[in-house]
Amino acid sequence: MTSVAQHPTDLTVITVPVSHPLVRPLLQELGEEYSARYGSDADTELTRYPDTEFTPEHGGVLLLLLERGEPVAGGAFRRYDAASAELKRIWTHSAHRRRGLARRVVDELERVAAERGYRRIYLTTGPRQPEARGLYLATGYTPLFDTEADPETIGPLPFEKFLPTAAQHGGQAGSPDQLHPEPS
């Protein structure tokens with residue numbers, strides 16, 4: 001377990017593998033939420049990608065926000081393409097909603113992605129998740145769908161956001177191709 005940042009509100013940000021015991025509440029609650037909204041086959045979303053895709057070696061990360069050592073929110077990204085990370089598994093513990101934790105998770109994931117040289121974030125959210133749709137719109141994501149259409153007629157709702165470059169951060173980041181080479 002690696003601690004990456006401490007926040008003044010007593011939240012600690014850590015990166016962990018999907019197999020870490022602290023990830024269990026995230027996976028359990030997401031599975032329950034997806035099943036309640038989309039039916040019994042919704043758990044397939046949580047197993048769609050191998051856990052290794054959320055590791056630094058494969059261009060990804062899974063992070064958790066801990067409060068007094070307990071996970072209260074989390075999320076992940078995986079490599080989508082050479083320039084883009086794809087956000088997945090954005091979660092806030094059911095007892096800790098309405099505190100801005102999901103926004104904090106998205107901010108942390110964007111920060112890590114930019115540090116790793118990604119220039120763009122891509123994501124999809126389900127049509128029955130209006131709070132997620134609202135989060136992404138409120139945090140500057142561009143909808144890649146007709147926002148006036150009935151979400152149920154669209155399917156997964158895609159969004160994108162371009163990240164600041166290393167020069168805008170004053171740092172030196174390598175290109176995503178250098179940081180995350182294509183598999184041979």
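Note that the structure is a prediction, hence the values are computed from the model and not measured.

On to the overall build of the protein, then. Looking only at helices and strands, the protein features six helices and eight strands. Tracing the protein from N to C terminus, the helices and strands come up as β-β-α-α-β-β-β-α-β-α-β-β-α-α. Counting the 184 residues in the protein, one finds 46% classified as buried. Sequence separation of 24 or more characterises 61% of the internal contacts of the protein that already satisfy a separation of 6 or more. For the protein, the exposed surface amounts to about 9700 Å²; the carbon and sulfur share of it is 51%.

All right, on to the environment of L163 then. Among the structural elements, L163 can be located in the loop between β8 (157-162) and α5 (166-169). Among the residues examined, L163 registers a relative accessible area of 9% and is labelled buried. Linking L163 and I121, residues 42 residues apart in sequence, is a C-alpha distance of 7.2 Å. Those residues in contact with L163 that sit more than four places away from it in its chain are E110, A113, A114, Y118, R119, R120 and I121.

The predicted model of the protein averages 86 in pLDDT, with 83% of residues at 70 or higher. Under a pLDDT of 50 for its full length, residues 172-184 has, in the predicted model, 27 contacts with residues more than four places off or in other chains.

When two helices pack together, their arrangement is captured by the angle between the axes and the distance separating the axes. Packing of helix α3 (residues 101-115) against helix α4 (residues 130-138) leaves a shortest axis separation of 11 Å and a crossing angle of 55 degrees. Considered as vectors, α3 and α4 are oriented oblique to each other. At the point where α3 passes α4, the crossing takes the right-handed sense. Across the interface between the two elements, A102, R103 and V106 from α3 touch L135, Y136 and A138 from α4. When grouped by side-chain class, the residues that make up the contact of α3 with α4 number five nonpolar, no polar and one charged.

Let's shift gears to helix α1 (residues 24-38). Relative to the 21 Å expected for 15 residues at 1.5 Å per residue, α1 spans 21 Å between its end C-alpha atoms, a close match to the ideal helical length. Within α1, burial applies to L26, E29, L30, G31 and Y34. Buried-residue contacts for α1 involve α2 (44-47), β3 (61-67), β4 (70-81) and β5 (84-92). A positive backbone phi angle near 105 degrees is found at G39, which sits one or two residues after α1.

A separate point is the side chain of S84. For S84, the location among the structural elements is in strand β5. For S84, the side chain forms a polar contact with the side chain of R120, separated by 3.0 Å.

An α-helical turn contains 3.6 residues, so any two residues separated by three or four positions project in the same direction. Of all the residues in α4, the buried ones are A132, R133, L135 and Y136. Within α4, the buried residues cover an arc of 160 degrees as seen down the axis, which keeps them to one side. Directly after α4, the chain includes G140, whose backbone phi takes a positive value near 90 degrees.

Tracing the backbone shows E29 in helix α1. The residues touching E29, leaving out its near neighbours within four places in the chain, are W91, T92, H93, S94 and R97.

About the criteria used
- Residues numbered from 1 in each chain as written.
- Predicted model: local features only at pLDDT ≥ 70, side-chain atom pairs only at ≥ 80, totals over all residues.
- Heavy atoms only, no water.
- Helix = DSSP H or I, 4+ residues; strand = E, 2+ residues; numbered from the N terminus.
- Buried < 20%, exposed > 50% of the residue type's maximum accessible area, 1.4 Å probe, protein only.
- Contact = heavy atoms within 4.5 Å.
- Areas by Shrake-Rupley, 256 points an atom, 1.4 Å probe, with all protein chains shown as cover.
- pLDDT = per-residue confidence, 0-100.
- Axes fitted to C-alpha atoms, helices over the stretch in contact; angles between N-to-C directions.
- Parallel < 35°, antiparallel > 145°, perpendicular 65-115°, else oblique.
- Left-handed = near helix turned anticlockwise from the far one by under 90°.
- Nonpolar A, V, L, I, M, F, W, Y, C, P; charged D, E, K, R; others polar.
- Expected span 1.5 Å × (residues − 1).
- Polar contact = N/O pair within 3.5 Å; in protein donor to acceptor, adjacent residues only side chain to side chain.
- Arc of directions from axis to C-beta.

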